[in-house]
2 protein chains.
Amino acid sequence: MADIKSPSAADLAGEELVRQGIELLFFAYRDFTAEPDRILDEYGFGRAHHRVVHFVGRYPHMTVGELLEILRITKQSLNRVLGQLVRQGFIIQHRGLQDRRQRLLELTERGHQLERLLSAPQRARVGAAFKKAGAPAVEGFRKVLLGIIESEEDRRRFEHPPPTRR
Amino acid sequence: MADIKSPSAADLAGEELVRQGIELLFFAYRDFTAEPDRILDEYGFGRAHHRVVHFVGRYPHMTVGELLEILRITKQSLNRVLGQLVRQGFIIQHRGLQDRRQRLLELTERGHQLERLLSAPQRARVGAAFKKAGAPAVEGFRKVLLGIIESEEDRRRFEHPPPTRR
DNA sequence: ATTTTATGTCAGCCATATTGACTTATATTG
DNA sequence: CAATATAAGTCAATATGGCTGACATAAAAT
């Protein structure tokens, strides 16, 4: 009965569903980054600055090395961006207490303001999408995205209702 | 009882959930693009080439203008990438029948091979995440991402089980 | 016949990434 | 303690992929 060469109807549906998932990620990411990108432009900053401000804001006292691991860029690339943010007073660095080679990163008040400004449209967009989709859908969204993330270490960031800050 | 100035517990949970959603998108997108990026390197191509190959593969006979709208880049940027793909035999262009100004785009067999090669790790990754998360979670993932996408026109691409090709 | 649209092209600029080599300060280890 | 390894910073050169602006061509629409 079944054609041994061609994919089953279920496989075709699965394949199509997966391809739609891939495309959904592209469109969602495109629109999710568009608004902050416009704001960044006004500061002469790029998306890289946003990423740094986001992660330093969320994980205060992060080291340069940890940031490099998360962003998966070279330290030369990071340093240009990070240096600008430090020189312009968005981020302060202080030496690690146990390991004085480390530079622990932290947002200044100005940095927090920028973070809130940049994340505002994203929070609005994602918040509205969550509200509209409903809690079970949000749970599904989280499950699938966690499944897409490669490293266990990165996934662990989402296990516990993360650090409340401010 | 309730402090009129500070956010409610529900708002805090919502805010934290949304911030996690934002971060999940970053990590998932980072890992979702990492593998094709490595393959593209071997061809001397970049992520832009992948996007073109993806959309031309998925929506054959797409015009240059439609591609520009989807990718939200300038025609000068597109043309460099598209020109390389055409010159190297991954894409063919033919004039529109009704409107002869249009250049309808299509993958060659070589283009289809490249598309499959590039999308293979993404299909594997997203497919595995879908399977592990289960059908209801996938439905939630779709709902939320659709809610994040700005334009009705883009969302409509996901209404009907899209064009089966090949 | 004129204007608008779809596409392509030239030139130059900028942001972000890369590799490789090297430095400094501090920690770790034999 | 001396040697080595690690965290971070820096210099230089290069590539990619965006951008703007100006202009060209062909075909469609008015």
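Relevant structure appears above.
Source: prediction; values computed, not measured.

Q: Got a minute to help me understand the overall build of chain A in this structure?
A: Looking only at helices and strands, one finds seven helices and three strands in chain A. In sequence order, chain A lays out its α and β elements as α-α-β-α-α-β-β-α-α-α. Per-residue burial for chain A yields a buried fraction of 46% across its 166 residues. Of the contacts made within chain A by residues no fewer than 6 positions apart, 51% connect residues no fewer than 24 positions apart. Carbon and sulfur atoms provide 53% of the accessible area of chain A, an area that totals close to 9000 Å².

Q: Even after reading the chapter, I still don't get the sheet that holds strand β3 (residues 103-107) of chain A, so can you show me in this structure?
A: Either a parallel or an antiparallel arrangement is found when strands of a sheet pair, and the pairing is made through backbone hydrogen bonds. Residue and element names in this part refer to chain A. Strands sit in the order β1-β3-β2 across an open sheet of three strands; the sheet is antiparallel. Each of the sheet's edge strands pairs with one partner strand only, and the pair in question is β1 (62-63) and β2 (91-95). As defined by bridge partners, β2 adjoins β3 across five bridges and the pair is classed as antiparallel. By the bridge assignment, Arg95 is partnered in β3 with Arg103. Running over the sheet, helix α4 (residues 75-87) touches β2 and β3 and is turned about 100° from β2.

Q: What is the right way to read the protein's contact with DNA strand C from this model?
A: Taken together, 26 residues sit near DNA strand C, with Gly46, Arg51 and Ser77 of chain A together with Lys75 and Arg101 of chain B positioned nearest. Considering DNA strand C, the proportion of its atoms within 4 Å of the protein that are sugar or phosphate atoms stands at 57%. A distance of 3.0 Å separates a phosphate oxygen of DNA strand C from a polar side-chain atom of Gln93 of chain B. The contact in question runs from a phosphate oxygen of DNA strand C to an N or O atom on the backbone of Arg103 of chain B, over 3.5 Å.

Q: Teacher, can you tell me more about the side chain of Thr63 of chain A here?
A: Residue and element names in this part refer to chain A. Here Thr63 shows up in strand β1. Looking at Thr63, the relative accessible area reads 11%, which means it is buried. Contact partners of Thr63, with chain neighbours within four places excluded, come to Gln102, Arg103, Leu104 and Leu105.

Q: How should I be thinking about the layout of surface pockets in this particular structure?
A: Over the atoms a probe the size of a water molecule is rolled, and this reveals where empty space is left. Considering only enclosed or pocket space, the largest pocket measures out at about 860 Å³ in volume. If you trace the largest pocket, you find 32 residues lining it, with Tyr29, Arg47 and Arg51 of chain A together with Tyr29 and Arg47 of chain B closest to the centre. Put simply, the parts of the chain that give the lining of the largest pocket at least two residues each are α1 (9-43) and α2 (47-58) of chain A together with α1 (9-43) and α2 (47-58) of chain B. Tallied by class, residues from the lining of the largest pocket come to 10 nonpolar, two polar and 20 charged.

Q: Sorry if this is basic, but what is going on with the pattern of salt bridges here?
A: Any two side chains of opposite charge can pair, given that their charged atoms come close. Across all of its chains, the model carries 31 salt bridges over all chains by this definition. Note that Glu35 of chain A is salt-bridged to Arg125 of chain A, the shortest N-O span being 3.2 Å. Taken as a pair, Glu35 of chain A in helix α1 and Arg125 of chain A in helix α5 (residues 109-133) lie far apart in primary sequence, 90 residues in all. For Glu35 of chain A, a relative accessible area of 22% gives the class partly exposed. Among the residues examined, Arg125 of chain A registers a relative accessible area of 12% and is labelled buried. Of the charged contacts in the structure, one is a salt bridge between Glu23 of chain B and Arg58 of chain A, with a shortest N-O distance of 2.4 Å. Taken together, the residues span two chains, with Glu23 of chain B in helix α1 and Arg58 of chain A in helix α2. According to the relative accessible area criterion, Arg58 of chain A is buried, its value standing at 2%. Bridged by salt links that share partners, the residues Arg30 and Asp31 of chain A together with Arg72, Asp154 and Arg157 of chain B form one connected network.

Q: How should I be thinking about the pairing of β3 of chain A in this particular structure?
A: Within a regular strand, side chains alternate between the sheet's two faces. As judged from the two bridges shared by β1 of chain A and β3 of chain A, these two strands associate in the antiparallel manner. Bridging across to β3 of chain A, Thr63 of chain A finds its partner in Leu104 of chain A.

Q: Looking at this structure, how should I read the environment of Glu106 of chain A?
A: All names here are of chain A. Tracing the backbone shows Glu106 in strand β3. Assessed through its relative accessible area of 24%, Glu106 is described here as partly exposed. For Glu106 and Gly57, which are 49 residues apart along the polypeptide, the C-alpha to C-alpha distance reads 6.8 Å. Sequence-distant contacts of Glu106, that is, excluding residues within four places in its chain, are made with Val56, His61, Phe90, Ile91, Ile92 and His94. Reaching out from Glu106, the side chain makes a polar contact with the side chain of His94 at a distance of 2.9 Å.

Q: I'm lost on the relation of the copies chain B and chain A in this one. Help?
A: The two chain copies are related to each other by a rotation about an axis together with a translation along it. With an RMSD of 0.0 Å, the fit of chain B onto chain A corresponds to turning through 180° and sliding 0.0 Å along the axis. Those values place the two copies in the arrangement expected of a two-fold rotation axis. When C-alpha distances to the rotation axis are compared across chain B, the minimum falls at Phe141 of chain B, with a value of 1.9 Å. Comparing contact sets, 100% of the residues at the interface of chain B also lie at the interface in chain A, consistent with an isologous, same-surface contact.

Definitions and cut-offs
Residues numbered from 1 in each chain as written. Chains lettered and ligands numbered in written order. Predicted model: local features only at pLDDT ≥ 70, side-chain atom pairs only at ≥ 80, totals over all residues. Heavy atoms only, no water. Helix = DSSP H or I, 4+ residues; strand = E, 2+ residues; numbered from the N terminus. Buried < 20%, exposed > 50% of the residue type's maximum accessible area, 1.4 Å probe, protein only. Contact = heavy atoms within 4.5 Å. Areas by Shrake-Rupley, 256 points an atom, 1.4 Å probe, with all protein chains shown as cover. Pairing = 2+ DSSP bridges. Axes fitted to C-alpha atoms, helices over the stretch in contact; angles between N-to-C directions. Near = heavy atom within 4 Å. Polar contact = N/O pair within 3.5 Å; in protein donor to acceptor, adjacent residues only side chain to side chain. 1 Å grid on protein atoms, 1.4 Å probe; cavity = no way out; pocket = protein on both sides within 12 Å on 5 of 7 lines; lining within 4 Å. Points joined across faces, edges and corners; volume = space filled by probe spheres on them. Nonpolar A, V, L, I, M, F, W, Y, C, P; charged D, E, K, R; others polar. Salt bridge = Lys/Arg side-chain N within 4 Å of Asp/Glu carboxyl O. Least-squares fit on C-alpha atoms with pLDDT ≥ 70 in both.

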